[in-house]
Every structure is written in C-alpha cells, then in structure tokens.
Amino acid sequence: MSALLSKAFKAIRNYLKFSDRTLLIFCIITSAFGIFIIYKCTTYFFGSLSYTYVQLGAALIGLTLAILISLIDYRNLADLWKIHTPVAFFLVILTFFFGLKTTGADDRAWLEIPFTSLTFQPSEILKLSFILTFSLHLEKVKEHINSLSQVILLCIHGAIPTLLIVLQGDDGSALVFFSIFLFMLFSADISWKYILPPLAALPAVAFILWQYIMTPDQKARFEVVFNPDAYPLTVGVQPRQGRIALGSGMLFGKGFDANLRKVPAVQSDYIFAFIGETLGFLGCLAVIILLSGVCFRALYNAHKSDDYLGRFICVGVFAMLAAQSVINIGMVLTVLPVIGITLPLFSAGGTSVVVTFCAIGLVMSVAYHNRHRNRRR
C-alpha cells in the first residue's frame, strides 16, 4: 500500500513539475469565485441551489477533464479530428430538429441529455474541435499560407462552422467562432494584402447587412447601444436594467444583503451586472484580472510552444476566452449589442464551464508535453 501511495505522489509531483501550475491556479481561483457568485445570485433571486450544484459539478468534471486532456499529447488530439469533428457537427445539426430553448434564449441551440433533465450546447463542443482542426490546417500550410488558394481554403474552413451556427440562430457563438478564426489566422503571419481589402470593404458589407440581411430584432439590439432609452419595453429592458445594477454598486458594492435589482438572465449573460452591484468596481476589476490572467497565460504558452500546432492551439483558446469575456462585459456596459454570450467560468451553464476547462486542458497539454520534450533533449 505504501509503495502504491509513493508512486501516486511521485506521479503527482512529476505532473505538477511539468504542467503550467500558474494557469491551473488561475482557473481554480476563477472557477471558485464564479461558483460563489452563482450561489449568491441564484439563492437571492431564485431561492434555489440547483444552479450552484450544476456549476460545482461542471467545475469538478471540467477540472478532471482538463487534467486528463493535459496528459494526452495535443498532437494526438488534433490527429483525432476524424472522430471529434463529425461528432461535433452531428450534434449541432441535431439542434435543427430536436433543439431546445433555455430561459432567456431565442435560439434552439441546446439538446437534452438522455435520461436526465439536463441540457448541453453542442456549439461549445464544436469550438474545441474547430480550434484543433484549424490549428492542424494552419500547421500543414504554414509555409505556403500566403498562397491565394490556401487562403481561400482556410476561409472556407472557418466559414463552415461559423455559418452553421448563424443558421442555428446563435449570433453570439457565431461571433466567437469568427474571432477564433481571425486570431488564429493572424498568428500564422498572413500577409496584409489579404487583410486590407476586407477591412476596406467593411463599410459596404455593414450597409448590406443592415439593409438586406439583419432582422428587425437584430437592428433593435444595435440601436439600443447608441440610444439606451430605445425599445424600453422589449430589447432595451435587459441592457437598461443591467446598466443601472452595474453602476449602482459604485466602488465597493452594496453587498449581498441589499435590495438588489433583478436583471433578465442575471445568472448567465448578465452575471457581471450582479457582480458590479454587489461587489462594486473592485469586484468587477477582480473578475477582469482573473480572466486576463487565464487568457494571457494561454498566450504565454503559445509563445513558448516548440511547434506551430501548439502555438495555434493556445492562440485559439485565448481567442475563445478573450472574445467571450470582451463581448459579455461589453454587453453589460451597453457598448456592444446583447447577443447572448456567457462570461467564462462565471455565468451559470454547465456546458460552458466544462468546455472552458477542456480548452484550458488543451493549453496545459501544450505546456506539459513541450516541457517533457525539452527535458529529454
């Protein structure tokens, strides 16, 4: 028994020696803070611990998966694209036929887990698969990335999952996919000759989208950004209530026992408003610091990676987490339209928490296996 324990402790020490301990600690602290916030939020407004149990369970499952994923060589995970990519796409396509709505959502982007009352969001799984497949694609064409044919193929690769999610009706997730695509493409040193023309065409594209493609609801959400008092009984309610709640906390917050303002989807999309009201500017600053620590640690591992595949994976994870954080906080500040994006590790949502930890596991895999290889040299 003692020999078995000795081997176990040796394995743990060996893992901690080569893993990114800083990233792991940031994630654990951020997740613990998020669970505490969900507990306070949902018990105050809903008088229920169900959200807390889901958040805690998802965090424990996610942390376990992150550690397991980090032990698997990221090259092997990328090479398994023939398995995880068809599964991810199949699950997303199922939502077109069997998709469910969740409270406060407009799109049927969730599937029910068989034999339970729980649901999950397949597009979250597709994000991980896309990061792996696009990283592999970029690595294979890195030396010829500025060939027009390769750029076209890369754009098609990025457009397929993005447009599929647009058709699903989840504009927020589609924007995250597009952000991942852009950040990863830029990190591969694509030539400015392919960047400047689309930038120059942006005004024309925006005009066409506004005039012929965007729905009245989508236009209204943008109008609220420029005129916060617009649509006071419909799409303007959530941003107005969220902005008031956020600002009312001032520097130190009202605390958790004050008379708090109920904001639609306060436990998910607008959890940052609850943090601002209860913990004030300092609480919001703590959230931003923690999420920034996680994001920039992913970039650090991208910089330290020995190969392009590891670098692209880390950049993809950074883009996913950074985009979600910026968009979510921007929604609450009413500088961006409300499009239904969760705040990583803070918003209620089991799928989001598990997938975020799995993404962190990919970054930790890059760090762990690069350090192992360097030791052997």
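Please read these numbers as outputs of a predicted model, since none were measured by experiment.

Draft legend 1. Expanded view of the side chain of Thr30. Turning to its location among the elements, Thr30 is positioned in helix H2 (residues 21-45). The buried category is assigned to Thr30, whose relative accessible area is 0%. With near-sequence residues (within four places) excluded, Thr30 lies in contact with Leu290, Leu291, Val294, Leu345 and Phe346.

Draft legend 2. How the structure looks around the packing of aromatic side chains. The final tally for this structure, using the stated rule, is 13 aromatic pairs. Ring plane angle 75° and centroid distance 5.7 Å describe the contact between Phe183 and Phe318, whose orientation is recorded as edge-to-face. Note that Phe183 is positioned in helix H8 (residues 171-187) and Phe318 in helix H13 (residues 308-332), a separation of 135 residues in sequence. On the numbers, 5.9 Å between centres and 15° between planes, the contact of Tyr308 with Phe312 is stacked. Linking Tyr308 with Phe312, this pair stays in helix H13, spanning 4 residues, or about one helical turn. Classification of Tyr308 as partly exposed rests on a relative accessible area of 33%. Residue classification places Phe312 among the buried positions, given a relative accessible area of 0%. Here the aromatic residues Phe36, Tyr44, Phe45, Phe256 and Phe274 are joined through ring pairs into a cluster of three or more.

Draft legend 3. Spotlight on the packing of helix H6 (residues 122-141) against H8. For the pair H6 and H8, interaxial distance at closest approach is 11 Å and the crossing angle is 20°. Judged on the interaxial angle alone, H8 and H6 are roughly parallel. Remark: the crossing between H6 and H8 carries right-handed chirality. Contacts from Ser123, Leu126, Lys127, Phe130, Ile131, Phe134, Ser135 and Leu138 in H6 reach Ser173, Val176, Phe177, Ile180, Phe181, Met184 and Leu185 in H8.

Draft legend 4. Summary view of the nonpolar core. Grouped together as the largest cluster of nonpolar side chains are 98 residues, with contacts concentrated most on Leu138 and Phe274. The element best represented in this core is H13, accounting for 15 residues.

Draft legend 5. Representation of the layout of surface pockets. Roughly 350 Å³ of volume is contained in the second largest pocket. Contributing to the lining of the second largest pocket are 14 residues, with Ile69, His84, Leu128, Leu132 and Cys358 lying nearest its centre. Where the lining of the second largest pocket is concerned, the elements lending two or more residues are helix H3 (50-71), helix H5 (81-98), H6 and helix H14 (350-376). For the lining of the second largest pocket, a count of residues per class yields 12 nonpolar, 2 polar and no charged.

Rules of the game
- Residues numbered from 1 in each chain as written.
- Predicted model: local features only at pLDDT ≥ 70, side-chain atom pairs only at ≥ 80, totals over all residues.
- Heavy atoms only, no water.
- Helix = DSSP H or I, 4+ residues; strand = E, 2+ residues; numbered from the N terminus.
- Buried < 20%, exposed > 50% of the residue type's maximum accessible area, 1.4 Å probe, protein only.
- Contact = heavy atoms within 4.5 Å.
- Phe/Tyr/Trp six-rings, centres within 6.5 Å; stacked < 30°, edge-to-face > 60°.
- Axes fitted to C-alpha atoms, helices over the stretch in contact; angles between N-to-C directions.
- Parallel < 35°, antiparallel > 145°, perpendicular 65-115°, else oblique.
- Left-handed = near helix turned anticlockwise from the far one by under 90°.
- Core = buried A, V, L, I, M, F, W, Y, C linked by side-chain atoms within 4.5 Å.
- 1 Å grid on protein atoms, 1.4 Å probe; cavity = no way out; pocket = protein on both sides within 12 Å on 5 of 7 lines; lining within 4 Å.
- Points joined across faces, edges and corners; volume = space filled by probe spheres on them.
- Nonpolar A, V, L, I, M, F, W, Y, C, P; charged D, E, K, R; others polar.

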